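# An overview of the molecular structure
Listed here are the chains, written in short residue letters.
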Amino acid sequence: MKLSSRILLGLATLSQFVGFVVFVAVFIYVISNAPADASLGYFQRFALIMNLCAGLFTAYCGAIFIIFMVHAARNPNLHSSGMRTTWLVSLAILGPWAMPFYWFHHIWRDGMPSRKTGPLGLN
């Protein structure tokens, strides 16, 4: 994988957290700025936009999830180390929380073991 693709995938992985925080912040903003006599019309103005954003964000996160699952299923380094099932289950259960770790270990570093220096094996 090219360096630019690795960086973009890493940014996409972290953008899931940013997108979630922004979505929750906008939701709280809409609720907190509702007038005291908020009728159904006030919330209907924002419902279409919020539903559209939620659907697009779900599709975006799903696409990233599929990319990671396919990469983990096809990664030859995971087959040789016997960690394929562990990573697939971790990605499936933990999703966005496991993706940055998988990205760092198996996409950014290409699954290479870290160089060990010094008597304690520290980097």
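Our subject is the structure that appears above.
What comes next is a walk through the structure. (Residues numbered from 1 in each chain as written. Predicted model: local features only at pLDDT ≥ 70, side-chain atom pairs only at ≥ 80, totals over all residues. Heavy atoms only, no water.)

Here the focus is the nonpolar core. Counting 13 residues, the largest nonpolar core has Phe68, Leu91, Tyr102 and Ile107 as its most contacted members. For this core, the secondary structure elements donating two or more residues are helix H1 (3-32), helix H2 (40-74), helix H4 (84-94) and helix H5 (99-108). The leading source of residues in this core is H5, at four residues. Excluding residues within four positions of it along the chain, Phe68 makes contact with Leu9, Thr13, Leu91, Met99, Tyr102, Trp103 and Ile107. (Core = buried A, V, L, I, M, F, W, Y, C linked by side-chain atoms within 4.5 Å. Buried < 20%, exposed > 50% of the residue type's maximum accessible area, 1.4 Å probe, protein only. Helix = DSSP H or I, 4+ residues; strand = E, 2+ residues; numbered from the N terminus. Contact = heavy atoms within 4.5 Å.)

Bringing the packing of aromatic side chains into the picture now. Between two aromatic rings, the relevant description is the distance of the centres plus the angle of the planes. Inspection of the entire model under this criterion finds three aromatic pairs. Note on Phe68 and Tyr102: the rings are 5.9 Å apart at their centroids and 70° apart in plane angle, and the pair reads as edge-to-face. Of this pair, Phe68 sits in helix H2 while Tyr102 sits in helix H5, and the two are 34 residues apart along the sequence. Note on accessibility: Phe68 and Tyr102 belong to one class, buried. Taken together through their ring pairs, the aromatic side chains of Phe68, Trp87 and Tyr102 make up a single cluster. (Phe/Tyr/Trp six-rings, centres within 6.5 Å; stacked < 30°, edge-to-face > 60°.)

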